[in-house]
Amino acid sequence: MARLNLLAPEVQANPYPFLAELQRSSPVCQVDPNGAWLVTRYEDMVAALKDPHRFSSEGLALLAEPPWLGSNPSARSLVTAEPVRHGKLRTLVNRAFGVTGMARLEALVRQLAEELATEAVLRREVDFVEEFAFALPRAVIGHMLGLDRSVFPKLKRWGTAMAVVSAATTPEMQAEVRDAIAEMGHYLDEIIESRRREPHEDLVSDLLRAEVDGQQLSREDLVRFLFLLLPAGLETTTNLLGNMAMYLARHPEHVEKARTDKAHAVNFIEEVLRFECPIQALFRLTSTDVLVGGTTIPQGSMVILSSAAANRDERQFSEPERFLPGREKQTQHLAFGHGIHFCLGTQLARMEARLGLEALLSRIQGVVMKRGEVQWIPSLAVRGPAVLPVELLPLA
Ligand code: HEM
């Protein structure tokens, strides 16, 4: 049995060689005698995600709602719902995230991306995470939730609280998480009430109106869903945009081509999603003994499905360790998951990345990183720079 320290600094800095070695030598292994199982092969991960009965999302709910917290609305939302309930909830929220909903947002996302890119390029040396990668999805989610701009600074507090729930070990951290969740609940209640009285052309009003077979979202399910959007849509997209800037700096040969060829820009984004996926691992709980790649994982085990490893599995992608925009099977990466819980915000995330990249590349000739070492967010589950000091070189 392998004893692995997935949080060791050298693994955090570069998890890929370590995961590749595991993928070769023990593709299904227990992380420690009482602990979780780690699954690293693409094929095994897809099979698990296609089987939500035996690989239940209760694994994620357990992490998001530890005993000290009491209730966390996002832990009992769409992303953790069992298949039958999930199907009903997903149908109710799908339309708001489909083609029409996204078309309604496109002009706004473009305008926000252009404003932020103009400001950042004017300042030239910026922390890209703070000034662009976080600012863009924050403004988009803020708009979708119907939050007044004055509340935007609070989104950082709420987002951080949601992200650190499973790592909040001290009483101070736990108190902060509880307070942030209560504060967020209060704001969301006010917004729901105001949209109920006076509907707008926005997400909350759409969700209040949504109806399938005479059924509507209950007030509780609506709150849970809005809670989910913060961890699901904010940090993930921030990390995608941060990783994108990093790869513009590391691979300047793609800058000109991505500026002049829209298809190449899209390929570039997809390759960043595969190569440095913002969510590196998904969590499931086995509801019965299951055989995975020849190994039995007992009932009641926490299973970590490593998207980071699966996206570089040589059985699925040729030359997986090379950054190759436009590669074969490039959209088959698992960055957005697979199966019933496949990311609801895929179109939105891709749109933010595409319009963000366009806004930047129409103003800059390149990105230079001002620090050799990237300071990654310390986490097994997410991948993105915590800060990214860069120089944005304006177009002549
Ligand atoms: C689910 C990734 C952006 C909303 C997921 C899952 C992944 C993922 C891997 C599956 C979770 C699981 O199976 O346990 C990403 C990435 C994003 C992104 C990498 C950005 C680059 C967004 C955005 C939104 C969003 C912008 C909405 C504003 C959701 C929701 C779910 C989900 C609601 C749950 C879907 C369900 O259970 O049916 N996302 N996401 N995501 N994502 Fe995203």
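One can find the structure itself at the top, above this paragraph.
Note that the structure is a prediction, hence the values are computed from the model and not measured.

*Asks:* Just to check I follow, could you spell out the site of the ligand for this structure?
*Replies:* The immediate surroundings of the ligand are formed by 24 residues, with Gly 233, Thr 236, Gly 337, Cys 343 and Gly 345 found nearest. Among the secondary structure elements, those contributing two or more residues to the shell around the ligand are helix H12 (219-250) and helix H16 (346-361). Here the shell around the ligand gets seven residues from one element, more than from any other, and that element is H12. Among the residues making up the shell around the ligand, the classes are represented as 16 nonpolar, seven polar and one charged.

*Asks:* When you look at the packing of helix H10 (residues 171-197) against H12 in this model, what are you seeing that I'm missing?
*Replies:* Packed helices, taken two at a time, are described by the angle their axes make and the gap between the axes. In contact at an axis separation of 10 Å, H10 and H12 are set at 120 degrees when each is read in the N-to-C sense. When the axes of H10 and H12 are compared, the pair comes out oblique. Considering the relative orientation of H10 and H12, their crossing is right-handed. On H12, the residues touching Met 184, Gly 185, Leu 188 and Ile 192 of H10 are Leu 222, Val 223, Leu 226 and Phe 227. Split by residue class, the contact of H10 with H12 holds seven nonpolar, one polar and no charged.

*Asks:* Sorry if this is basic, but what is going on with the sheet that holds strand S10 (residues 302-306) here?
*Replies:* Two modes of strand pairing occur in sheets, parallel and antiparallel, and in both the strands are linked by backbone hydrogen bonds. Read from one edge to the other, the open sheet built from five strands follows the order S1-S2-S10-S7-S3, with strand pairing classed as mixed. The strands lining the two open edges of the sheet, one partner per strand, are strand S1 (28-30) and strand S3 (55-56). The sheet contact formed by strand S7 (residues 281-286) and S10 spans five bridges and is antiparallel. If you follow Phe 283 over to S10, its bridge partner there is Ile 304. Contacting S1, strand S2 (37-39), S3, S7 and S10, helix H3 (residues 42-49) runs over the sheet at an angle of about 125 degrees to S10.

*Asks:* How do you make sense of the nonpolar core when you look at a structure like this?
*Replies:* In this structure, Met 244 and Ala 245 are the most contacted members of the largest nonpolar core, which totals 107 residues. Here the element with the most residues in this core is H12; it accounts for 16 residues. Among all residues touching Ala 245, those that are not within four sequence positions of it are Phe 128, Ala 133, Val 367, Leu 388 and Val 390.

*Asks:* Which parts of the structure should I look at to understand unusual backbone geometry?
*Replies:* Trans is the common state for peptide bonds, and a negative phi is the common state for residues other than glycine. Unusually for a residue other than glycine, Asp 213 sits at a positive phi of about 50 degrees. Its place among the elements puts Asp 213 in the loop between strand S5 (211-212) and strand S6 (215-216). Not every positive phi belongs to a glycine, and Glu 319 is a case in point at roughly 45 degrees. As for its placement among the helices and strands, Glu 319 is situated in the loop between helix H15 (307-310) and H16. By the C-beta count within 10 Å, which is 10 here, Glu 319 ends up exposed.

*Asks:* For this particular structure, what's the right way to read the pairing of S7?
*Replies:* Looking along a regular strand, one sees the side chains alternate between the two faces of the sheet. Of all six residues making up S7, six are buried, and the element is well covered by its neighbours. Side chains Ala 281, Phe 283 and Leu 285 of S7 all project onto a buried face; the interleaved residues Leu 282, Arg 284 and Thr 286 project onto the opposite face, where all are buried too. Here S3 pairs with S7 via two bridges, running antiparallel. When the sheet's bridge partners are listed, Ser 56 is paired in S7 with Leu 285.

Rules and cut-offs
Residues numbered from 1 in each chain as written. Predicted model: local features only at pLDDT ≥ 70, side-chain atom pairs only at ≥ 80, totals over all residues. Near = placed C-beta within 6 Å. Helix = DSSP H or I, 4+ residues; strand = E, 2+ residues; numbered from the N terminus. Nonpolar A, V, L, I, M, F, W, Y, C, P; charged D, E, K, R; others polar. Axes fitted to C-alpha atoms, helices over the stretch in contact; angles between N-to-C directions. Parallel < 35°, antiparallel > 145°, perpendicular 65-115°, else oblique. Left-handed = near helix turned anticlockwise from the far one by under 90°. Contact = placed C-beta atoms within 7 Å. Pairing = 2+ DSSP bridges. Core = buried A, V, L, I, M, F, W, Y, C linked by C-beta atoms within 7 Å. Buried ≥ 20, exposed ≤ 12 C-beta atoms within 10 Å, placed from the backbone.

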